[in-house]
Amino acid sequence: MFNYNEFYWQKINKNELFMQYCSPCKCFVFYPRERCPHCLKSTLEWKKMSGKGRIYSYTTVHVSSLPDFDNKTPYIYAIVELDEGPRMPTNIYNCSPETVSVDMPVKLDFIERNDKKLPIFVPFFELEK
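This text gives an overview of the structure that appears in the document. Keep in mind that this is a model prediction, so the values were computed, not measured.

The rules behind each value
Residues numbered from 1 in each chain as written. Predicted model: local features only at pLDDT ≥ 70, side-chain atom pairs only at ≥ 80, totals over all residues. Heavy atoms only, no water. Phe/Tyr/Trp six-rings, centres within 6.5 Å; stacked < 30°, edge-to-face > 60°. Lys NZ or Arg CZ within 6 Å of the ring centre and 35° of its normal. Helix = DSSP H or I, 4+ residues; strand = E, 2+ residues; numbered from the N terminus.

Glancing now at the packing of aromatic side chains. Each aromatic ring pair is specified by the distance between its two centres and by the angle formed by the two planes. Under the definition given, this model contains 5 aromatic pairs. Their ring planes at 80° and their centres at 5.0 Å tell us that Tyr8 and Trp9 sit as a pair that is edge-to-face. In textbook terms, an aromatic cluster arises when at least three aromatic residues are bridged by ring pairs, as seen for Phe7, Phe18 and Trp46. In this structure, Arg33 is placed above the aromatic ring of Tyr31, and the distance from its NZ or CZ to the ring centre is 4.0 Å. The positively charged end of Lys116 is found above the aromatic ring belonging to Trp9, 4.2 Å away from the centroid.

This is how it looks when you write it as structure tokens:
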């Protein structure tokens, strides 16, 4: 059986974010899978993401149901809308629950957790020219 996540995690380990893209219906697909969930074609290709986006939605987790996160509360769980359009679930770091907001600009970063690299996002403000 082919592992559709393998390429994704290989790129994450190189500090890069790639997502599948369906050319026939012009849709990004996340999480990796065999077929496009929109048109059911298997013509998915990988595209590199810029790593920039905005917080689409978020919540502050005060009590985690995940044992690995018990000592990390409170933490911010968010849906980030990437500049290219797709949305992905993630955690927001280097930001207090009091200062996080919808539409806040964020950029991709990475953390090591249990011998695995994970994509996270941090606040990002470009200097105006």
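Take unusual backbone geometry next. Excluding glycine, a negative phi dihedral is what most residues carry, and trans is how most peptide bonds are arranged. Tyr31 follows Phe30 through a cis peptide bond whose omega is 20°. Secondary-structure assignment places Tyr31 in the loop between β2 (27-29) and β3 (44-48). Cis peptide bonds are those with omega within 30 degrees of zero, and the linkage from Thr73 to Pro74 qualifies with -5°. Secondary-structure assignment places Pro74 in the loop between β4 (52-61) and β5 (75-82). The residue Leu40 is not glycine, and still its phi comes out positive at about 70°. Backbone geometry at Asp103 places phi at a positive 80°, although glycine is not the residue there. By the element assignment, Asp103 lies in the loop between β6 (87-92) and β7 (105-113).

These figures come from the coordinates and say nothing about function on their own.
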